Structure formats: structure tokens, C-alpha cells
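Topology and contacts: notes
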Amino acid sequence: MKIVNPANDALVAEVKDDSAATVAAAYERARAAQPAWARTPLAERLAAVKHFRDLVTKRRDELALTLTREMGKPITQAQNELNALRGRIDFFLTHTPSVLAEETVFSQEDGALDEVISHEPLGVVANVSAWNYPWFVGSNVFVPALLTGNAVLYKPSEHATLTGQRIGELWREAGVPADVFATLVGEGVIGAAVVEQPVDGVFFTGSYATGRRIAERVSSRMIRLQLELGGKDPTYVTDDVDVRAAAESLADGAMYNGGQSCCSVERIYVHRAVEQAFVEAFVDVVKGFKLGDPEEKATYIGPLARREQLDVLEGQVEDAVAKGARLLTGGRRADRPGAFFEPTVLAGATNAMRVMRDESFGPIIGIAGVASDDEAVALMNDTEYGLTAGAYSKDRARAARILERVHAGTVYVNACDRVSPRLPWTGRKHSGIGSTLSTYGIRAFLQPKAWHKKAG
Ligand code: NAD
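A few points on the structure. This is a predicted model, so every value here is computed, not measured.

Digging into the site of the ligand
If you check the shell around the ligand, you find 30 residues, and the closest are Lys 155, Glu 158, Ser 207, Thr 210 and Glu 359. Considered on its own, the ligand offers 850 Å² of accessible surface; in the complex 90% of this is hidden by protein. Contributing elements (two or more residues each) for the shell around the ligand: α7 (188-196), β8 (201-205) and α8 (208-218). Residues of the shell around the ligand, tallied by class, amount to 13 nonpolar, 10 polar and seven charged.

So, the packing of helix α5 (residues 134-147) against helix α6 (residues 161-174)
Look at α5 against α6: their axes get within 12 Å of each other, and the N-to-C directions meet at 30°. Taken together, α5 and α6 sit at an angle that is classed as roughly parallel. With respect to the hand of their crossing, α5 and α6 are arranged in right-handed fashion. The residues of α6 that touch α5, namely those facing Pro 134, Trp 135, Phe 142, Val 143 and Leu 146, are Thr 163, Ile 167, Leu 170 and Trp 171. For the contact of α5 with α6, a count of residues per class yields eight nonpolar, one polar and no charged.

Observations concerning the environment of Leu 227
Mapped onto the elements of the fold, Leu 227 is located in strand β9 (residues 224-228). Sequence separation of Leu 227 and Asp 18 is 209 residues, and the distance between their C-alpha atoms is 23 Å. Contact partners of Leu 227, with chain neighbours within four places excluded, come to Phe 204, Gly 211, Ala 215, Ser 431, Gly 432 and Ile 433.

Topic: the pattern of salt bridges
Scanning the entire structure with this criterion turns up 31 salt bridges. A salt bridge links Arg 53 to Asp 54, with the nearest nitrogen and oxygen atoms 3.0 Å apart. Owing to a relative accessible area of 34%, Asp 54 belongs among the partly exposed residues under this scheme. Of the charged contacts, one joins Asp 373 and Arg 398 as a salt bridge, the two residues approaching to 2.9 Å between their closest N and O atoms. Highlighted residues: Asp 373 in helix α12 (residues 373-380) and Arg 398 in helix α13 (residues 396-404), separated in sequence by 25 residues. Both residues of the pair, Asp 373 and Arg 398, belong to the buried class. Linked by salt bridges that have partners in common, Arg 53, Asp 54, Arg 86 and Asp 90 make up one network.

Observations regarding the sheet that holds β9
Taken together, the six strands give an open sheet; going across it, the order is β7-β6-β5-β8-β9-β20, and neighbouring strands pair in mixed fashion. Unpaired on one side and paired on the other, β7 (181-183) and β20 (432-433) mark the two borders of the sheet. Examined bridge by bridge, β8 and β9 share five bridges and lie parallel to one another. In the strand pairing of β9, Phe 203 is matched with Gln 226. Each of β5 (124-128), β6 (151-155), β7 and β8 touches α5; the most contacted strand, β6, lies at about 165° to it. Helix-sheet contacts for α6 involve β6 and β7, and the interaxial angle to β7 is about 155°.

What counts, and at which threshold
- Residues numbered from 1 in each chain as written.
- Predicted model: local features only at pLDDT ≥ 70, side-chain atom pairs only at ≥ 80, totals over all residues.
- Heavy atoms only, no water.
- Near = heavy atom within 4 Å.
- Areas by Shrake-Rupley, 256 points an atom, 1.4 Å probe, with all protein chains shown as cover.
- Helix = DSSP H or I, 4+ residues; strand = E, 2+ residues; numbered from the N terminus.
- Nonpolar A, V, L, I, M, F, W, Y, C, P; charged D, E, K, R; others polar.
- Axes fitted to C-alpha atoms, helices over the stretch in contact; angles between N-to-C directions.
- Parallel < 35°, antiparallel > 145°, perpendicular 65-115°, else oblique.
- Left-handed = near helix turned anticlockwise from the far one by under 90°.
- Contact = heavy atoms within 4.5 Å.
- Salt bridge = Lys/Arg side-chain N within 4 Å of Asp/Glu carboxyl O.
- Buried < 20%, exposed > 50% of the residue type's maximum accessible area, 1.4 Å probe, protein only.
- Pairing = 2+ DSSP bridges.

Below, the structure is given as C-alpha cells:
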């Protein structure tokens, strides 16, 4: 596989792909090694994860540069991802012991009966991952999986292969046996080969199209399946906001990481009373975003990780304009080498336009005016997805009343594009099934065992 820098089309590295045979061999080794890993005292597993965390902190600059060169994330944002990883790992370190602890849920007074729940790892799990936040979405799976005693077959995205290989090396350096964590590289066919192994759980992060294919493939196997998929995340700006502050927050939520976040703001509905002022402020903020070389610290918008997405975005603009939207800035690929798309704002959008229906995964936003909270709720729910949604209002209770009615796994009041390790990350509808993060995201790697203990 050739790894090409999306900012300038330069060859970064050539990597030998795994094959069906190397994937099967890695599975066999993981199966053999997992029981000993599960029996390793928890304190040792915790120590290995702490070591991994500290290595990531120490090597931050080098790891960030690797990510920037292979998928185009601006260097400051790559460093931010690595900085924030520490907090996620610390959450798992703090909470895994109590989640793993045995619970006595009933004890008869005369000692004749105890009822106890213990927690066992699933066994060997497949972790097929996306490229947009490879450190975050990978860690959401492999950190709690390893802490709870599972072995992991990790398939990073082909657009984050070098990062995936570094992750494997760091686990070995941190003391996790090579057979307990295997990085398997290649395109989708290698992901499919990983999922085909007789694993005990499949944890996938990626698009709905691939997630659905995986769900169909594993459905007869009665194994744990989690799918963290795409979104078309809406936000509603009510008529009582500080327009400038809302515009600044939402422009960042729409365009950070080039809009390539699963929870990027993808649609904005704004109350007609503030629509004009909001749109003007939004365009003003977007025009201030610096597009350029992702290795420069001041760059805010880098290239898209996947060149094909340029055509998708241009198609969305064309479709929206043909259906009556007003293109206020951007709307085309940037006039420079690499896969750059100008940050784009379309006003007067409607839910009939592709920019308001299909996941864009780029620096583009459609804005639509609405007459009431009810209309906003109806339009926000008019989607196949349900990952996140938000409402901006000075009245928190009003925002909460709006968001109670929106079908999404995460809702934001006066915020967007935010993930907390303390809260479950979970999708509704085509955004997926299952949860990572929070204590739900630790239990996801465990199966309960029910004990009925009678006196002999
Ligand atoms: P993708 O579906 O193209 O690829 C994801 C992974 O699946 C890659 O490793 C790929 O090689 C592998 N794959 C492809 N075909 C496969 C198959 N048939 N069987 C098994 N594996 C296969 O997604 P992507 O482009 O890497 O990521 C972008 C998508 O991920 C967006 O839709 C985004 O919203 C979503 N995402 C969701 C979350 C979340 O937490 N909900 C987080 C990040 C990204």
C-alpha cells in the first residue's frame, strides 16, 4: 500500500499489507494468548495502559506529525487529539476496577445462599477503525478491551495505517504481549478478513454503508456487535441567542478537522428572527479560517483525507444551488495541489438538498431558516441518522425541551462537536448500535456470569 500525503500528493511510505493468511495467523495467536492476559493481575494490566499513556505523551510531536502527513489533519489539531487522549485513558484507568469488581446482589441472612455477578472478558475482539480521529476512536475500543482482559485484532483505516502501526509498537513497548494486540493493515478487504475470524466481538467505527455490511455478515454468529457510524448532526439556533457567540461556536463545530468528525455540525436551523444576523456572523468567522499546509501551526483547514470526497462536496454544492440555496463563500476545490476544499457556506438550504441529507464529511454547511421551535424539531428529526444534535438558547430549559424531542444519542445545549469520556458515545438509527466511553463503554467488553452459591 502506498501512503500518500493528501496535502501535496507526496509519497510518505510504502507498507506491506496483511493478507487473509496473516490475519488468520494473528487470530490463532490472539486466541492462544488471551486466557493468560485475562489472568494477569489487573494491577499489571493497569500499569501497561499507564505506560502506553505516558509513551504517547512523551512522543506526542512525532506521533502528531505522522498523523498529519498521512491524513492531512492540521498539526495543532493532531496535537490536540493526542493531548486529550490522556484524559480518556485516565477515565478508563480510574473506572475499570469498580466495573470489573464482583457484586454480591443477595445474601441470605442464615448464609444458605449468595447471589453474585462476576464479569468475564469477551475473549478476542475485532477493532475495525476509522481515520478521522484514529487515536480517539481506536482508544475508545482497545484501551477498555485490554484493561478488561481481551485480546484485540486492530485494523486501522488505510488512511491512518502508519498511526495504527505506531499504536501497535507502543503497546509492545508498554508491556502488552505482541499476540494480545495485533495491528493488521490494509484496505477494506483486510477489515473483512478480520471480521470473518471466529472472534467474540466486533467493534466497528466507520460509515453506515460498511457498518451495515458488517452487521449482515456477523448477524448469524450471536456475538457482541457495536457499530459507531456516521451522522448528519443538526443544531438549532433559537431567537434569544448571542448571535456572534453562537456563530463562532458553530463554525468551529462545522469546520474543525475539515468537518471530518463523526459529530461535526452538518446542518444548522436558525430562527428567522436572527437568521440574517447569524448567517452574516457565520460567514465572517468562516472567512477568517486559514486554509493551508497542515504542517504549519496556524493552519485551521487542511486537505481532505480522501480525494474522492472533493467530488461529493462539489456535487452537494451544485445540487443545493440548483434547488435554490445561496452560496455565500467557498463552494469549490482550492486552487493549489492536494485535496483541499474551500470552507463553504450555503444559506437558504432545505431538507430536500443533499447537503442537508447526506453526510458531507467536509468543510461545508447548509443553513436553513425556521419559524418556530416545533418546525426546528421536525426538521432536525428528518434524517436517517441520530448521533448528536444541539440547541443554542439563553434559556437552558427551552433548549432542553427542544432536545428531549430529538432522536439522537448525544445532545448539546449551547455546545457542539464535543465528546466526554464520562458520557456514553452512542448513536440512534443509522448512527449505530452500542456505546463506547463512560462505564457503558467498559461493560461493552465484558459478559456477566451469574452465580447461585448455596451452602453445601
Ligand atoms: P469506512 O466505513 O470507509 O471505513 C472504516 C473501516 O472499515 C476502515 O478500516 C476500512 O478499511 C474498513 N472496511 C471497509 N470495508 C470493509 C468491510 N467490507 N469489512 C470490514 N471492514 C471494512 O469509514 P471511514 O471513511 O474510515 O470513516 C468515516 C466514517 O466513520 C464517517 O461516516 C464517520 O461519521 C464515521 N465515524 C463515526 C464515529 C462514531 O463514533 N460514531 C467516529 C469516527 C468516524
